[in-house]
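Structural features, examined
Here is how the chains run, residue by residue.
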Amino acid sequence: MINPGFFSVIGVGIGAILLYAVLGVILMLLGFYAVDLTTPGKLNVMVREGLPNAVVITAAGMISMALIVVTAIYTSSGFLTEGLIQTAIFGVIGILAQVGAVRLLEWVMGIDIGGVLAADRVLPQSFLIAAAHLALGLVVAFAII
């Protein structure tokens, strides 16, 4: 025999999954466009053209954004509305902090991000920038905790 409240719990859970998934996608897109706006050229075009450094850096940026979003969701309160609001706020602040920190690192190290992204061969600098994205994504994620 199934508990009478079982299906309402399932329904609420499915609704929460869908709402958090939509919010997560929005935050991931926001993160991508934050990276795109702070780098020279159109990142989505460079990725579509298969420029290897653009792909490596974008992939690392997306993974780091996901770490931030997942952590924001994980630490959100048990109440759906408050949890969604908290996730959105922490997600946006985390994305801005992460993008700003990576741009600062590139500036301090004197990396020509436009040149790196536009290169048609893999450059070592792209791995440093990718590692910075991942490392800063982890730092921001743990700061949310």
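Refer to the preceding data block for the structure.
First, a word on what this report is: a plain description of the structure on this page.

The rules behind the values
Residues numbered from 1 in each chain as written. Predicted model: local features only at pLDDT ≥ 70, side-chain atom pairs only at ≥ 80, totals over all residues. Heavy atoms only, no water. Helix = DSSP H or I, 4+ residues; strand = E, 2+ residues; numbered from the N terminus. Expected span 1.5 Å × (residues − 1). Buried < 20%, exposed > 50% of the residue type's maximum accessible area, 1.4 Å probe, protein only. Arc of directions from axis to C-beta. Contact = heavy atoms within 4.5 Å. 1 Å grid on protein atoms, 1.4 Å probe; cavity = no way out; pocket = protein on both sides within 12 Å on 5 of 7 lines; lining within 4 Å. Points joined across faces, edges and corners; volume = space filled by probe spheres on them. Nonpolar A, V, L, I, M, F, W, Y, C, P; charged D, E, K, R; others polar. Phe/Tyr/Trp six-rings, centres within 6.5 Å; stacked < 30°, edge-to-face > 60°. Axes fitted to C-alpha atoms, helices over the stretch in contact; angles between N-to-C directions. Parallel < 35°, antiparallel > 145°, perpendicular 65-115°, else oblique. Left-handed = near helix turned anticlockwise from the far one by under 90°. Patch = residues over 30% accessible without salt bridge, like charges linked within 9 Å, V, L, I, M, F, W, Y side chains within 5 Å. Areas by Shrake-Rupley, 256 points an atom, 1.4 Å probe, with all protein chains shown as cover. Salt bridge = Lys/Arg side-chain N within 4 Å of Asp/Glu carboxyl O.

Another point: helix H6 (residues 124-144). Between its first and last C-alpha atoms H6 spans 31 Å; for 21 residues at 1.5 Å apiece the expected length is 30 Å, and the two agree. Of the residues making up H6, those classed as buried are Ser 126, Ile 129, Ala 130, Ala 132, His 133, Gly 137, Val 140, Ala 141 and Ile 144. Buried positions in H6, seen along its axis, are confined to an arc of 160° and lie on one side of it. Of the exposed residues in H6, the ones pointing more than 90 degrees away from its buried face are Pro 124, Val 139, Phe 142 and Ala 143. Residues of H6 that are buried sit in contact with helix H1 (6-37), helix H3 (52-74), helix H4 (80-109) and helix H5 (113-118).

The next point concerns empty space enclosed by the protein. Within this structure, the stated rule accounts for one cavity of 30 Å³ or more. Each pocket or cavity is described by its volume, and for the largest cavity that value is around 40 Å³. Along the walls of the largest cavity sit Gly 31, Phe 32, Val 35, Leu 43, Ile 57, Thr 58, Gly 61, Met 62, Met 65 and His 133, which together make up its complete lining. Partitioned by chemical class, the residues of the lining of the largest cavity number six nonpolar, four polar and no charged.

The next subject is the packing of aromatic side chains. Using the criterion set out here, one finds two aromatic pairs in the structure. Consider the rings of Phe 6 and Phe 7, whose centres lie 5.1 Å apart with planes at 80°: the pair is edge-to-face. Overall, the relative accessible area of 38% leaves Phe 6 in the partly exposed class. Taking 5.3 Å as the distance between ring centres and 80° as the angle between the ring planes, the aromatic pair formed by Phe 32 and Tyr 33 counts as edge-to-face. According to the relative accessible area criterion, Phe 32 is buried, its value standing at 13%.

This paragraph deals with the packing of H3 against H4. At their nearest, the axes of H3 and H4 sit 9 Å apart, and the two run at 150° to each other. Relative to H4, the element H3 is oriented roughly antiparallel. Considering the relative orientation of H3 and H4, their crossing is right-handed. Taken together, the residues of H4 that come into contact with H3 (itself represented by Ser 64, Met 65, Ile 68, Val 69, Ala 72 and Ile 73) are Thr 87, Phe 90, Gly 91, Gly 94, Ile 95, Gln 98 and Val 99.

A grouping of Ile 2, Phe 6, Phe 7, Ile 10, Ile 14 and Leu 18 is seen on the molecular surface, where their side chains present a nonpolar patch of about 600 Å² in accessible area. Assignment of secondary structure puts Ile 2 in the segment before H1.

What follows concerns the pattern of salt bridges. Here the structure, examined in full by the defined rule, presents two salt bridges. For Lys 42, the salt bridge identified is with Asp 36, shortest N-O distance 3.1 Å. Given a relative accessible area of 4%, Asp 36 falls into the buried group. Notably, a salt bridge pairs Arg 103 with Glu 106, separated by 2.7 Å at the nearest N-O pair. Here Arg 103 and its partner Glu 106 are both found in helix H4, three residues apart, which amounts to about one turn of the helix. Each member of the pair, Arg 103 as well as Glu 106, carries the same accessibility label: buried.

Inspection of the secondary structure puts Tyr 20 in helix H1. With 49 residues separating them in the primary sequence, Tyr 20 and Val 69 have C-alpha atoms 9.7 Å apart. The contacts of Tyr 20, once residues within four sequence positions are left out, are Ile 73, Ser 76, Leu 80, Gly 83, Leu 84 and Thr 87.

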